Amino acid sequence: MDNKEEKPKKKSRRDFIQQMSIVGAGTVLAGSAIFAGYSYQKKKKQGDRIKVLTANNELIEVDKNDIIKLSKSVPADLTEMQKRGREGIAGKRWVWVIDLSKCRNARKCMGACIGAHHLRPEQCHINVLKMEESEHTPPYYMPKPCQHCDNPPCVAVCPVDATFKRPDGPVLIDNERCIGCRFCIAACPYSARMFQWTSPLKEKEDEGKIYDVELNLPEKKGTITKCLMSADRLRESKLPYCVSACPNGVYYFGDENEDAVTNGTTKETVRLSKLLEENAGYRLMAELGTKPRVYYLPAKNKSYPFQDKDKPEAKESIKDNNI
Amino acid sequence: MSENSNLDKVTADLLKPIRFNTGFKLWMTFLLVSFAVCMYAYTIQLREGLGVAGIRDYVSWGMYIANFVFFVATSLVGMLISAVLGLLKIKWAAPLTRIAEIIALAFAAVAGLVIISDMGRPDRLLYLFFYGRVQSPIVWDVTVVTTYVLISALLLYFPLIPDLKICSENHDISPKWMRKLYEILSLGWQGTPEQEKIVNKSIKILLVLIIPVALGIHTVTSWLFAATSRTGWDSTIFGPYFVTGAFVCGCAAVIIAMYFFRNSYKLKDYITDMHFDKMGKLLVLVSLVYLYFNLNEFLVPGYKMKKFDAVHLTDMFAGENALLFWSIQLLGLILPIIILLFKKARKPLPMLIIALFVLVGGWFKRLIIIVPTMEHPYLPIQNVPENFKIYKPTLIETAITLASIILVLIIVTVLSKIVPILPIKETVEIENGDETNNI
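Being a predicted model, the structure only gives us computed values, none of them experimental.

## Thoughts on the overall build of chain A
Of regular secondary structure, chain A possesses nine helices and 13 strands. Across the 323 residues that make up chain A, the buried fraction comes to 40%.

Here's what the structure looks like:
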């Protein structure tokens with residue numbers, strides 16, 4: 001008997017909750033729609049038109065709100081730094097060309113990189129490898145930075161959006177976000193990523209500095225560190241550390257949108273498309289579909305001979321890797 | 001045959017192990033002390049960073065990840081015995097369901113912890129929930145493993161409800177608060193037909209649910225590797241390859257547990273030679289399937305010997321890792337299959353030894369799936385110290401891995417001491433008759 005009396009009571013309470021939740025959801029939806037409309041109008045109102053010159057020498061008129069201001073001043077807090085680091089530099093498509101015929105294993109690039117990012121020598125972001133495709137093909141030196149792929153496998157697997165592809169080209173890592181799972185190391189076919197296994201080399205020296213995503217300083221224990229295309233230098237319109245340090249004219253760096261790249265040693269600026277065409281430029285392991293932003297020019301007519309003293313290790317590494 | 005006296009005897013026998021005797025206390029002290037020692041190693045890792053382990057930039061996943069895969073693998077046996085054999089109504093397996101579920105729960109739950117030991121920044125664990133990206137297989141893995149732990153816990157608990165009631169009424173169990181706890185946990189069970197119906201229905205739903213989830217956890221775990229383009233991992237059969245391997249490990253773990261429960265808890269009348277015989281046959285079956293996947297995984301690329309595959313496979317077949325590779329294949333898979341074909345080998349003691357070989361082989365198998373691939377990237381490893389090129393596990397990471405294994409033993413021991421390790425109801429039903437129905 002008790003049960004029977006309780007039943008209608010229960011039902012009405014459920015109905016009440018049901019109705020209330022419908023009303024509640026409706027209110028929230030309507031509210032957010034009104035708010036969205038309001039903020040859209042507000043944004044629109046401010047819109048003045050402004051004339052700008054594009055890379056193709058065309059004068060076009062754009063909305064003032066669409067223009068992102070490039071500020072030279074350094075943001076004061078971490079959130080601003082992280083935001084800036086993720087947005088990148090509007091209108092640019094950074095591209096890198098490495099001329100293998102010029103590399104003689106001077107390793108100034110590695111030194112500059114280690115110095116700029118406070119790295120241990122064995123964890124340099126750029127590594128000059130001694131390569132030999134097969135037994136009877138000539139050996140050569142190959143500087144290997146992160147390939148800054150347009151289809152980066154490392155970014156795809158990151159569980160927390162710590163590593164990301166920036167609109168202007170580089171693949172960066174936010175060490176304030178990284179959880180240290182190292183899935184990106186496993187996913188990268190170019191072995192381009194390193195990890196801070198213990199306390200960073202210059203931990204004491206860098207203490208108290210605001211973390212800069214574009215420079216990866218201060219380095220953080222238990223997180224990934226990698227080549228950043230010297231994103232901090234790009235912001236100052238300078239060439240990357242390694243590119244400027246090269247004494248042999250190996251590196252070209254520039255903007256794909258402008259179709260122009262500048263040699264880091266001679267400071268000579270050339271057409272990207274022409275450089276790639278005349279020298280049969282290619283990308284490393286393009287068959288993996290990673291679409292690297294780094295182009296290589298083959299080691300044809302080498303400016304320097306391959307050092308015989310380098311041979312044994314080169315041979316050894318080939319035995320390991322190419323049978 | 002009076003059913004009641006039989007019921008009383010079975011109940012008494014199955015409830016007998018539920019007391020904290022000296023043996024239990026000694027064993028637990030041993031486990032807890034070793035656990036504490038091993039956890040000290042983890043505090044060192046927390047302080048110094050992951051560098052205390054042997055992993056470096058090239059081989060960046062080592063023992064921790066191998067151990068994680070092994071744990072997830074072993075936990076799959078809960079699904080095999082409860083769900084697959086249960087839904088097929090294979091009677092002999094019914095008394096083993098609780099052992100299988102306890103193993104499943106313990107291994108799956110600790111797998112979640114093991115993965116934390118591999119994190120460079122365990123303090124940022126919650127970022128997975130704040131910033132989780134659905135595109136990442138790690139997020140899929142976290143989701144399915146959590147779901148599997150939950151379903152396994154329920155699948156352990158629901159069939160336990162009637163037994164909890166029996167425990168709460170048993171006055172041999174002390175202290176008193178434990179009986180009170182059983183009473184609360186039995187959720188007012190009285191064994192009415194209506195209650196039976198609800199419990200049976202819930203169990204059935206869970207049994208069906210757990211099959212895709214269990215396949216999911218290990219398939220997704222295999223994708224952590226197969227989603228990369230590395231030689232040795234870049235394989236389309238990794239999902240089924242891992243799942244079938246999981247059943248091999250799981251069956252071995254259940255056989256080992258059966259042996260110890262049968263002896264220490266004096267359950268020789270209930271975990272009989274027949275059960276060992278059947279489990280032996282089951283182990284042969286799953287091992288054969290796994291062998292088939294091994295053939296595919298190694299023979300197909302081995303026949304072609306493509307440039308990078310050749311480096312990897314030569315290392316496995318005749319190089320640095322050959323001894324480990326062949327030991328695992330022979331001692332952990334092929335020889336057990338052959339030996340278990342003989343009826344004499346399917347007795348408790350030989351089965352224990354074989355299962356130990358299979359389980360240890362299974363652990364090393366995970367290591368050899370992971371490490372050699374990372375030792376052979378596409379580009380040569382140069383300009384780094386020797387310990388970057390070849391992976392050598394350290395004492396600290398071994399201790400941390402041992403801690404996780406000890407933790408599983410602790411969970412299994414405690415659970416088996418507070419609940420009847422064999423389901424009372426099912427065992428009574430079997431004792432009461434239709435032995436002929438055994439397959």
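That covers the picture; the talk isn't over yet.
## Notes on the confidence of the model for chain B
Residues and elements named next belong to chain B. When the pLDDT values of chain B are averaged, the result is 90; 97% of them are 70 or greater. Segment residues 435-439 is flagged for pLDDT under 50; beyond a separation of four residues in sequence, or across chains, it makes six contacts in the model. Model confidence for the complex: the whole-complex pTM is 0.86, and ipTM, which rates the interface, is 0.89.

## Thoughts on unusual backbone geometry
In terms of backbone geometry, most residues other than glycine have negative phi values and most peptide bonds are trans. Residues and elements named next belong to chain A. Cis geometry is found at the peptide bond from Leu-217 to Pro-218, where omega equals -10°. As for its placement among the helices and strands, Pro-218 is situated in the loop between strand 8 (193-195) and strand 9 (224-226). Phi is positive for Asp-259, close to 55°, though the residue is something other than glycine. Residue position: Asp-259 is located in the loop between strand 10 (251-255) and strand 11 (260-263). Even without being a glycine, Met-285 presents a positive backbone phi close to 45°. Position of Met-285 among the secondary structure elements: in the loop between helix 8 (272-278) and strand 13 (294-297). Residue Met-285 is classed as partly exposed on the basis of its C-beta count, with 15 C-beta atoms lying within 10 Å.

## Considering the interface of chain B and chain A
Contact with chain B, which involves 39 residues of that partner, is made by 42 residues of chain A. Elements supplying a minimum of two residues to the side of chain B that touches chain A: helix 6 (127-130), helix 7 (137-157) and helix 13 (307-318) of chain B. Among the elements that line the side of chain B that touches chain A, the one with the most residues is helix 13 of chain B, at four residues. Of the residues contributing to the side of chain B that touches chain A, the split by class is 20 nonpolar, 12 polar and seven charged.

## Quick notes on the nonpolar core
Grouped burial of nonpolar side chains is what soluble globular proteins tend to show. In terms of nonpolar packing, the biggest core is built from 183 residues, with A:Cys113, B:Val77, B:Ile103, B:Cys251 and B:Val254 touching the most fellow members. Ranked by residue count, the leading element in this core is helix 11 (residues 238-264) of chain B, at 16 residues. Those residues in contact with A:Cys113 that lie beyond four places of it in its chain are A:Leu119, A:Cys124, A:His125, A:Ile126, A:Tyr241 and A:Cys242. Counting five residues, the second-largest nonpolar core is a separate cluster that includes B:Cys38, B:Ile400, B:Ala403 and B:Ile406.

## Some thoughts on the sheet that holds strand 12 (residues 269-271) of chain A
The pairing of strands in a sheet happens through backbone hydrogen bonds and is either parallel or antiparallel. All names here are of chain A. Strand order across the open sheet formed by five strands is 12-11-10-3-13, with mixed pairing between neighbours. Both outer strands of the open sheet, strand 12 and strand 13, are each paired with one neighbouring strand and no more. Neighbour-to-neighbour, the strand axes of this sheet turn through a mean angle of 30°, independent of strand direction. Pairing analysis gives four bridges linking strand 10 to strand 11, with the strands arranged antiparallel. Each residue of the ladder has a partner; that of Gly-254, found in strand 11, is Val-261.

## Notes on the pairing of strand 5 (residues 140-144) of chain A
Along any regular strand, the residues point their side chains to alternate faces of the sheet. Residues and elements named next belong to chain A. Burial runs high along strand 5: four of the five residues are buried. By the bridge criterion, five bridges tie strand 4 (residues 127-131) to strand 5 in an arrangement that is antiparallel. When the sheet's bridge partners are listed, Leu-129 is paired in strand 5 with Met-142.

## Examining helix 10 (residues 193-226) of chain B
All names here are of chain B. With 34 residues, helix 10 ought to run about 50 Å at 1.5 Å a step, and its terminal C-alpha atoms sit 49 Å apart, in line with that. In helix 10, a bend of some 30° at Ile-210 exceeds every other bend along the element, and Pro-212, a proline, comes one to four places later. For helix 10, the complete set of buried residues consists of Ile-210, Ala-214, Ile-217, His-218, Thr-219, Val-220, Thr-221, Ser-222, Leu-224, Phe-225 and Ala-226.

## Considering the packing of helix 2 (residues 22-48) of chain B against helix 17 (residues 395-418) of chain B
Residues and elements named next belong to chain B. Interaxial distance between helix 2 and helix 17 falls to 8 Å at its minimum, and their mutual angle equals 150°. Like other packed secondary-structure pairs, helix 2 and helix 17 cross with a definite hand, here left-handed. Note on element contacts: helix 17 touches helix 2 through Ile-396, Ala-399, Ile-400, Leu-402, Ala-403, Ile-406, Leu-407, Leu-409, Ile-410, Thr-413 and Lys-417, opposite Phe-24, Trp-27, Met-28, Leu-31, Ser-34, Phe-35, Cys-38, Met-39, Ala-41, Tyr-42, Ile-44 and Gln-45. Within the contact of helix 2 with helix 17, the residues separate by chemical class into 19 nonpolar, three polar and one charged.

Rules used in this analysis
Residues numbered from 1 in each chain as written. Chains lettered and ligands numbered in written order. Predicted model: local features only at pLDDT ≥ 70, side-chain atom pairs only at ≥ 80, totals over all residues. Helix = DSSP H or I, 4+ residues; strand = E, 2+ residues; numbered from the N terminus. Buried ≥ 20, exposed ≤ 12 C-beta atoms within 10 Å, placed from the backbone. pLDDT = per-residue confidence, 0-100. Contact = placed C-beta atoms within 7 Å. Nonpolar A, V, L, I, M, F, W, Y, C, P; charged D, E, K, R; others polar. Core = buried A, V, L, I, M, F, W, Y, C linked by C-beta atoms within 7 Å. Pairing = 2+ DSSP bridges. Axes fitted to C-alpha atoms, helices over the stretch in contact; angles between N-to-C directions. Expected span 1.5 Å × (residues − 1). Bend = angle between axes of the 7 residues up to and from the residue. Left-handed = near helix turned anticlockwise from the far one by under 90°.

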